[in-house]
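Breakdown of the fold
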Amino acid sequence: MKGSSAMLLLVVVTLLALTGCEKANPDLETSGLVPLGNIPIEYGSLRGVTSTEQYPGWAQLWFQDDAGTVRMVRVKWVSRQMHPDIITIPRTGL
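This section reports on the structure supplied with the text. Model, not experiment: these values are computed from the prediction.

1. Quick look at unusual backbone geometry
- Backbone geometry places Arg 80, a non-glycine residue, at a positive phi of 55°.
- Summarising the element assignment, Arg 80 is placed in the loop between strand S4 (70-76) and strand S5 (81-82).

2. A look at the pattern of salt bridges
- Enumeration over the complete set of coordinates arrives at one salt bridge.
- The partner of Arg 71 in a salt bridge is Asp 65, and the shortest N-O contact between them spans 3.2 Å.
- The exposure class of Arg 71 is buried, given its relative accessible area of 17%.
- We classify Asp 65 as buried; its relative accessible area is 17%.

3. Digging into the pairing of strand S3 (residues 58-64)
- Most of S3 is tucked away: six of the seven residues are buried.
- The pairing of strand S2 (residues 45-50) with S3 spans five bridges and is antiparallel. The residue of S3 that forms the bridge with Gly 48 is Trp 62.
- Once S3 ends, the chain turns through five residues before running back antiparallel as S4, passing Gly 68 with a positive phi of about 95°.

4. Points about the environment of Val 73
- Within the element layout of this structure, Val 73 appears in strand S4.
- When its relative accessible area of 0% is taken as the criterion, Val 73 is described as buried.
- Sequence-wise, Val 73 and Asp 85 are 12 residues apart; in three dimensions their C-alpha atoms are separated by 7.8 Å.
- Among residues more than four places away in sequence, those in contact with Val 73 are Ile 39, Tyr 43, Ala 59, Gln 60, Leu 61, Phe 63, Met 82 and Ile 86.

5. Description of the environment of Val 78
- Within the secondary structure, Val 78 sits in the loop between S4 and S5.
- Along the primary structure Val 78 and Trp 58 are separated by 20 residues, whereas in three dimensions their C-alpha atoms are 7.7 Å apart.

6. Focus on the pairing of S4
- Extensive coverage of S4 is indicated by the burial of six of its seven residues.
- Where S3 and S4 come together, seven bridges link them in antiparallel fashion. What sits directly across from Leu 61, in S4, is Val 73.
- Of the strand pairs in this sheet, S4 and strand S6 (residues 87-89) are connected by three bridges, and their pairing is antiparallel.

Definitions and limits used
- Residues numbered from 1 in each chain as written.
- Predicted model: local features only at pLDDT ≥ 70, side-chain atom pairs only at ≥ 80, totals over all residues.
- Heavy atoms only, no water.
- Helix = DSSP H or I, 4+ residues; strand = E, 2+ residues; numbered from the N terminus.
- Salt bridge = Lys/Arg side-chain N within 4 Å of Asp/Glu carboxyl O.
- Buried < 20%, exposed > 50% of the residue type's maximum accessible area, 1.4 Å probe, protein only.
- Pairing = 2+ DSSP bridges.
- Contact = heavy atoms within 4.5 Å.

Below, the structure is given as structure tokens:
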């Protein structure tokens, strides 16, 4: 009886652990991360920092240059790395 109770407890704990784990988000490719280095001054002034629970451990740094172009740099602050793809949003009519 003790052996079957222990086995049942082990199965329940394993199932709880598997269902409680957060699945990795495949939308953010992390294989090409680069060390967090100097962000070019040409990106302009830092305008804001955001984060989302969808990507734990990440922050988004928002810059705007003199021409109005907005750039978003994704930083994985827990490992001091950044995503190599910088999102650029050009603006016109300023």
